[in-house]
Amino acid sequence: MQKKQVNDNEDRYKGEAGNFQSLESDDGPGPMKSVEGWILIAKGIHEEAQEDDLFDAFSKYGPIKNLHLNLDRRTGFVKGYALIEFSDFSHAQDALNGVNKSDGIYGKKVQVDWAFKKPCKKGALKPTKKQQQ
């Protein structure tokens, strides 16, 4: 007795495969909010800097939600970058502008930028032929 093979795959792949919803945003490039807040990346941090030094430099501009300073496992020194999270866009923007214009931390100039940015339309992925139909 042979069992009849049922082909369920016909209905399985119908629909909007590959068409994803996107977050609402204006059309221009710029900073993008993460899931919990606005995250800045600070680069060029002195290897002997500590979390307290960064906290003091950035907390002038608003309450810091989270600060992450990576250390090299082998040497124990700072890797040279940190992630700083603010819950308010205005505080993050003030910190970005303020720290970039300051003398830096431990006398070393620090470059601050947005950790997440919206892609510009020019560099966005193009839809596939199937998505255009």
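To start, this report covers the structure provided alongside it. Note that this is a predicted model, so its numbers are computed, not measured.

Helices and strands together make up the secondary structure of the protein, namely four helices and six strands. Counting from the amino terminus, the protein carries its helices and strands in the arrangement α-β-β-α-β-β-α-β-β-α. Counting every position in the protein, which comprises 133 residues, the buried fraction comes to 25%. Put simply, of all contacts in the protein between residues at least 6 apart along the chain, 66% involve residues at least 24 apart.

Considering all chains together, one arrives at one salt bridge under this definition. Its salt-bridge partner being Asp113, residue Lys117 comes within 2.7 Å of it at the nearest N-O pair. Exposure remark for Lys117: the relative accessible area of 47% places this residue in the partly exposed category. Asp113 gets classed as partly exposed once you look at its relative accessible area, which sits at 25%.

You will see that Tyr106, though not glycine, has its phi angle at about 60°, which is positive. Within the secondary structure, Tyr106 is located in the loop between α3 (89-101) and β5 (111-114).

A word on the sheet that holds strand β2 (residues 38-43). Where strands meet in a sheet, backbone hydrogen bonds hold them as pairs that are either parallel or antiparallel. In spatial order, the strands read β3-β4-β2-β5; together these four strands make up an open sheet with antiparallel pairing. Each edge of the open sheet carries a strand with a single partner, namely β3 (64-71) and β5. Averaged over neighbouring strand pairs, the angle between their axes works out to 20° when direction is ignored. Of the pairings in the sheet, the one linking β2 to β5 comprises four bridges and is antiparallel in character. Bridge assignment links Leu40 to a residue of β5, and that residue is Trp114. Packing of helix α2 (residues 51-59) onto the sheet brings it into contact with β2, β3, β4 (78-86) and β5, and relative to β3 it is tilted by some 145°.

The next point concerns the packing of aromatic side chains. The final tally for this structure, using the stated rule, is three aromatic pairs. Considering the side-chain rings of Phe89 and Trp114, the 5.5 Å spacing of their centres and the 5° angle between planes classify their relative orientation as stacked. On the criterion of sequence distance, the pair formed by Phe89 in helix α3 and Trp114 in strand β5 is long-range, its members being 25 residues apart. Classification of Trp114 by relative accessible area gives buried; the value is 10%. Ring pairs connect the aromatic residues Trp38, Phe89 and Trp114, which therefore count as one cluster.

This part takes up the nonpolar core. One broad rule of soluble globular proteins: the nonpolar side chains tend to lie buried together. The biggest cluster of nonpolar side chains holds 23 residues, and the ones touching the most others in it are Leu40, Ile45, Leu54, Phe58, Ile84, Phe86 and Val112. Breaking this core down by element, the ones donating at least two residues are β2, α2, β3, β4, α3 and β5. When near neighbours in sequence (up to four residues on either side) are disregarded, Ile45 contacts Leu54, Leu69, Val78, Gly80, Tyr81, Ala82, Lys108 and Val110.

The rules we used
Residues numbered from 1 in each chain as written. Predicted model: local features only at pLDDT ≥ 70, side-chain atom pairs only at ≥ 80, totals over all residues. Heavy atoms only, no water. Helix = DSSP H or I, 4+ residues; strand = E, 2+ residues; numbered from the N terminus. Buried < 20%, exposed > 50% of the residue type's maximum accessible area, 1.4 Å probe, protein only. Contact = heavy atoms within 4.5 Å. Salt bridge = Lys/Arg side-chain N within 4 Å of Asp/Glu carboxyl O. Pairing = 2+ DSSP bridges. Axes fitted to C-alpha atoms, helices over the stretch in contact; angles between N-to-C directions. Phe/Tyr/Trp six-rings, centres within 6.5 Å; stacked < 30°, edge-to-face > 60°. Core = buried A, V, L, I, M, F, W, Y, C linked by side-chain atoms within 4.5 Å.

Just geometry here; none of it tells us what the structure is for.
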